[in-house]
Amino acid sequence: MGLRNLLEAALGLLLLTTALPARGTVADNVCAGDPCVIAGTHAITHLSTLDFGTRDVVLDGTLDVGTGQMTILAGSYTQNGDVRAQGGASGFGGGVTIQTTGDLTINSTAGDSFRMNGLDGGSLELTSTLGSVTVDGAVDLGGGFIGFGGQFDVSAAGSASVADADLGATEGGFFALIAGGPVTLGNVDVSGGVPDGGAGEVLVTSAGDIDVVGTVDGRGGLNGFGALVTLDAAGVVRVPGTIDVLTPGGDGGEIELIANTCSVTGSLTADGGAAGGQILITTTALAELLGTITSDGTNGNADGGEITVATTGALLLGGTLSTTSGSQGFSSLVDLSACTVDSQAGLSVEALGVGGAISVAAGALMTLQGSFDADTQVSLTYGLILFPPDISGATFPGVPIQTHNPLIQCLPADCGNGTVEPGEQCDDSGESAFCNADCSFASCGDLTVNFAAGETCDEGGETATCDSDCSGVVCSDGVVNEAAGEGCDDGDLVPGDGCDGSCLVEGGYGCVGEPSVCTILGAGCPLVPSPVCSESAKNITLFLDKQFAADAHPTTGSKAKLVFKWVKGSAQGGAAVQQSDFGTPGQTAPGGDVRLCFYENDVVQFSLTAPQDGPWAEIKGKGWKYIDKKGELDSNEGVEVVVLKANDVGKASIVILAKGVDVPVPALPRVEGGFPKNGSLDRSYDVQVHIDDQLACHGMSYGVGTMPDVHADKARGDGSPVGVWKIKRTGP
């Protein structure tokens, strides 16, 4: 009994009853019957799976897994009590997975429904494969003063709602929700702490509507960076509440809203003390912006941010839109485009600061009221020559520049009579090389095959039978058609140059461009993974590859993304991580680049580099940080953030964030339907961080047959892909 108690204490299990559970707690240990009602307090053994089969489960009591991990499988699940997996001030929150076929409901309690906080927050995954997920109780996955927020994943075939989730810490956590029905968000906190902590990420995808009724808090620490918040709905995105990714002394975060219709009556804030962030709103039917939308630079030398709104339908403006800079900073752009544009009398649009500009474009009618104030100019672009903008109710700092551009017309008209009328782009009394039969300008990708314009197919983009240039698929035509299985096309059928005679990439090569230019992969990385590489007990590698990004978000293009988190470093018998293990990036010689290398089956797939001469800064004797928020340096391949923190055994951390068209993430092989949850791998993966002037390596290896928590090609509720590929491992 004494040895057992020592082992329990080493795992950090907080037993709330005097009785010790049997190893491997099972469903029958906590309740029986159907429905199965769990009363009282139960200490759950680490790595237990409570499999209730198809039974309905009601938790009225408490389940305590300490710092361990627990899985619950049931027909339906209703929680009136609480689940605890706490790490305390010096420990790490545990992991809980609940999966049901029916509805999964977490009711409000006096305290937190899930208490999984600690030095680093825990991980919580709630999945209903056929029903809905409702979280009315509070979820605490917050981290400590120097820790990371936790990870909260929700997946529902039907509707989903989350009332209160705390994932805030010095480095904010990660919140992801995918639903086949409507989504309601209350308060979600992924904020970063002082002094220089970065906020986390919020990714919500719905086949229905998304409503933000509370506050999405993605604020960064004093000198950190704001969160990345993406809401993607097939229906309507409504924000009567608040989305706040402000950073007092650093760069504001990013907010992206994608929907058929978007209505903002609350507030979107991406202000920054060093620079304002980015706000992007894309809709197909209506954008109704009546609240407060700001991306200001708030300190004296801070630059203003960017606000971009693009809709193929109507744009209704009211309230405030501002990208104003500090007194000595440069302002950026407010860019608004739609079919029709209307604004209310109380509207205020500002782009003040050196270089600030406002651009408004309407394919049909534009009626403006309110104030439009920019440092350089306000430009108004209209598509109908007979209907220039009505600006009689608006005020401007100077005379606005008005430009006619017939390419942006959008209204239907009486087509085919040979006369260009309001709403028509052209009318040649039928198809011509420049005009489609529907009186729109001939354009490859418009879903209209125009033989007079030389098109042989037009399927709205690349398909297995049609190239993106609206010609049939032919290997060696210099056009890469991934839908047809082509990985490259260098214009010939000669193998041995990286692209073989079947338009497949040859081993050890990476190919880009059209025609493809092929080079050896993983520049600067060892040809094979380092056999000696300090591992961590908690790590996540998540990326969105370019092709899947383009398919999922055709309006924003092929912007790849990669997030790498290596937490609790050297926790598996390794040594403490010293600052010297990270070299001296940003300093004088010897110095060295910091490079992330990704291997599959011992073959390097790609690398990312934060250059030695980049914007590095020391973290108070603990490590180094690299902040290039827009990833604009030519040599860094889209790397925006690198954080290297030395610490004792099990406490070191590395975070790398890269995003943009320069990120060299390829379309890696995917298992049909995605990797099975907790399934064994049929291939090996290695993710390693190498530093040029150091022999030390930091990373994680996943061998064939191992069973980390792996997901690939996650999907929306309607089955369409979002292109997220994730591999992670948690626990001792």
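For the structure, see preceding data.
A.B. asks: It is not clear to me how the sheet that holds strand S52 (residues 697-702) should be interpreted in this structure. Could you clarify?
C.D. replies: In a beta sheet, neighbouring strands are held together by backbone hydrogen bonds and run either parallel or antiparallel to one another. If you trace the 4 strands from one edge of the open sheet to the other, you get S46-S45-S51-S52, paired in antiparallel fashion. Two strands close off the open sheet at either side, each with one partner strand: strand S46 (603-610) and S52. Strand after strand, the sheet turns through a mean of 15° between neighbouring axes, direction not considered. Relative to S46, strand S45 (residues 594-600) runs antiparallel, the two sharing 7 bridges. Bridging across to S46, Glu600 finds its partner in Val603.

A.B. asks: I keep staring at the pairing of strand S51 (residues 685-691) and nothing clicks. Help me out?
C.D. replies: Moving residue by residue along a regular strand, the side chains alternate between the two faces of the sheet. The element S51 is extensively covered by neighbouring structure, given that 7 of its 7 residues are classed as buried. Side-chain alternation along S51 places Tyr685, Val687, Val689 and Ile691 on one buried face and Asp686, Gln688 and His690 on a second face that is also buried. Where S45 and S51 come together, 7 bridges link them in antiparallel fashion. Following the sheet pairing, Glu600 is matched in S51 by Tyr685. Where S51 meets S52, 6 bridges bridge the pair, whose relative direction is antiparallel. Pairing of Val689 across the sheet is with His698, part of S52.

A.B. asks: How should the nonpolar core be read in this particular structure?
C.D. replies: Generally speaking, nonpolar side chains in soluble globular proteins are found buried as a group. In this structure, Phe52, Phe152, Phe175 and Leu257 are the most contacted members of the largest nonpolar core, which totals 92 residues. Looking at which element gives the most residues to this core, the answer is strand S26 (residues 254-264), with 5 residues. Apart from the residues within four sequence positions on either side, Phe175 is in contact with Phe152, Val162, Leu167, Leu185, Val188, Val190, Glu201, Val202, Leu203 and Val204. Within the second largest apolar cluster, 31 residues are counted, among which are Phe606, Leu608, Trp624 and Val663.

A.B. asks: How should the state of the cysteines be read in this particular structure?
C.D. replies: In a disulfide, the sulfur atoms of two cysteines are covalently bonded to one another. Throughout the structure, instances matching the rule amount to 9 disulfides. Each disulfide pairs two cysteine sulfurs, and for Cys457 the partner residue is Cys466, the sulfurs being separated by 2.1 Å. One disulfide, between Cys457 and Cys466, carries an S-S torsion of 90° and so falls in the right-handed class. For the pair Cys457 and Cys466, one class covers both residues: buried. Each sulfur of the disulfide joining Cys488 and Cys499 lies 2.2 Å from the other. Its S-S torsion of approximately 95° makes the covalent link between Cys488 and Cys499 right-handed. On the criterion of sequence distance, the pair formed by Cys488 in the loop between strand S40 (401-404) and strand S41 (509-512) and Cys499 in the loop between S40 and S41 is long-range, its members being 11 residues apart. You can call Cys488 buried: its relative accessible area is 0%.

A.B. asks: Just checking my understanding: could you explain the side chain of Thr230 for this structure?
C.D. replies: Its place among the elements puts Thr230 in strand S23 (residues 228-233). Dropping the residues within four chain positions of it, Thr230 is found in contact with Val202, Leu203, Val204 and Glu256.

A.B. asks: Could you clarify how one ought to interpret the packing of aromatic side chains in this entry?
C.D. replies: For any pair of aromatic rings, geometry is given as the distance between the ring centres together with the angle between the planes. Counted under the stated rule, the structure contains 5 aromatic pairs. An angle of 65° between the planes, with centres 5.0 Å apart, marks the rings of Trp616 and Tyr626 as edge-to-face. Pair noted here: Trp616 is in strand S47 (residues 616-618) and Tyr626 is in strand S48 (residues 623-627), with a separation of 10 residues, a long-range link. The burial state of Trp616 is the same as that of Tyr626; both residues are buried.

A.B. asks: Would you mind showing me how to read the pairing of strand S14 (residues 123-128) here?
C.D. replies: Across the 6 residues of S14, 6 count as buried, placing the element largely inside the fold. Side chains of S14 alternate between two faces, with Ser123, Glu125 and Thr127 and Leu124, Leu126 and Ser128 buried alike. By the bridge criterion, 6 bridges tie strand S10 (residues 95-100) to S14 in an arrangement that is parallel. In the strand pairing of S14, Val96 is matched with Leu124. In terms of strand pairing, S14 meets strand S16 (residues 151-156) through 6 bridges, oriented parallel. The residue bridging Thr127 from the neighbouring strand is Ser155, located in S16.

A.B. asks: Help me understand the environment of Val190, please; the structure alone is not making it clear to me.
C.D. replies: On the secondary structure map, Val190 appears in the loop between strand S19 (183-189) and strand S20 (201-206). Separated by 20 residues in the primary sequence, Val190 and Thr170 have C-alpha atoms spaced 9.8 Å apart. Apart from the residues lying within four places of it in its own chain, the contact partners of Val190 are Leu167, Gly168, Gly172, Gly173, Phe175, Ala199, Gly200, Glu201, Val202, Asp217, Gly218 and Ala227.

A.B. asks: How do you make sense of a nonpolar patch on the surface when you look at a structure like this?
C.D. replies: A cluster of nonpolar residues, Phe145, Ile146, Val194 and Leu222, forms a patch on the protein surface that exposes about 430 Å² of accessible area. Here Val194 shows up in the loop between S19 and S20.

A.B. asks: Is there a simple way to explain the pattern of salt bridges in this structure?
C.D. replies: Side chains carrying opposite charge are able to pair once their charged atoms draw close together. Across all of its chains, the model carries 7 salt bridges by this definition. Here Asp211 makes a salt bridge to Arg238, at a shortest N to O gap of 3.1 Å. A residue pair is termed long-range when its members are at least 10 positions apart, and Asp211 in strand S21 (residues 210-212) and Arg238 in strand S24 (residues 236-239) qualify at 27 residues. For Arg238, a relative accessible area of 31% corresponds to the partly exposed category. Among the charged side chains, a network of salt bridges with common partners joins Asp82, Arg84 and Arg115.

A.B. asks: Help me out: how do you make sense of the environment of Gly300 in this one?
C.D. replies: Mapped onto the secondary structure, Gly300 falls in the loop between strand S29 (292-294) and strand S30 (306-311). Gly300 gets classed as partly exposed once you look at its relative accessible area, which sits at 34%. Placed 29 residues apart in sequence, Gly300 and Gly329 show a C-alpha to C-alpha distance of 6.7 Å.

Thresholds, definitions, all that
- Within each chain, residues carry numbers counting from 1 in the order of the written sequence.
- Local features are withheld for residues below a pLDDT of 70 in this predicted model, meaning they are given only at 70 or higher, and side-chain atom pairs are given and counted only at 80 or more; totals for whole chains, interfaces and linings count all residues.
- Only hydrogens and water are removed before side-chain values are computed, so all heavy atoms of the structure are retained for them.
- Strand pairing follows a simple DSSP-based rule, namely that at least 2 bridges must link the two strands.
- The numbering of helices and of strands both runs from the N terminus, where a helix is a DSSP run of H or I of at least 4 residues and a strand a run of E of at least 2.
- Fitted lines through C-alpha atoms serve as axes, helices being fitted only where they are in contact, and the angles separating the N-to-C directions of these axes extend from 0 to 180 degrees.
- For each residue, the accessible area found with a 1.4 Å probe, counting protein chains only, is set against the maximum for its type, and the residue is called buried under 20%, exposed over 50%, and partly exposed in between.
- Think of a nonpolar core as a cluster: buried Ala, Val, Leu, Ile, Met, Phe, Trp, Tyr and Cys residues, connected wherever their side-chain atoms sit within 4.5 Å.
- In what follows, residue pairs with any heavy atoms lying within 4.5 Å of each other are defined as contacts.
- The criterion for a disulfide is a pair of cysteine sulfur atoms lying within 2.5 Å.
- Stacked, tilted and edge-to-face pairs are distinguished by plane angle, under 30 degrees for stacked and over 60 for edge-to-face with tilted covering the rest, among Phe, Tyr and Trp rings (Trp via its six-membered ring) whose centres lie within 6.5 Å.
- Distance thresholds for patches are 9 Å for like charges and 5 Å for nonpolar side chains (Val, Leu, Ile, Met, Phe, Trp, Tyr), applied to residues having over 30% relative accessible area and no salt bridge.
- Calculation of accessible area relied on Shrake-Rupley with a 1.4 Å probe; when residues are assessed, cover is drawn exclusively from the protein chains displayed.
- Definition used for salt bridges: Asp or Glu carboxyl oxygen within 4 Å of a side-chain nitrogen of Lys or Arg.

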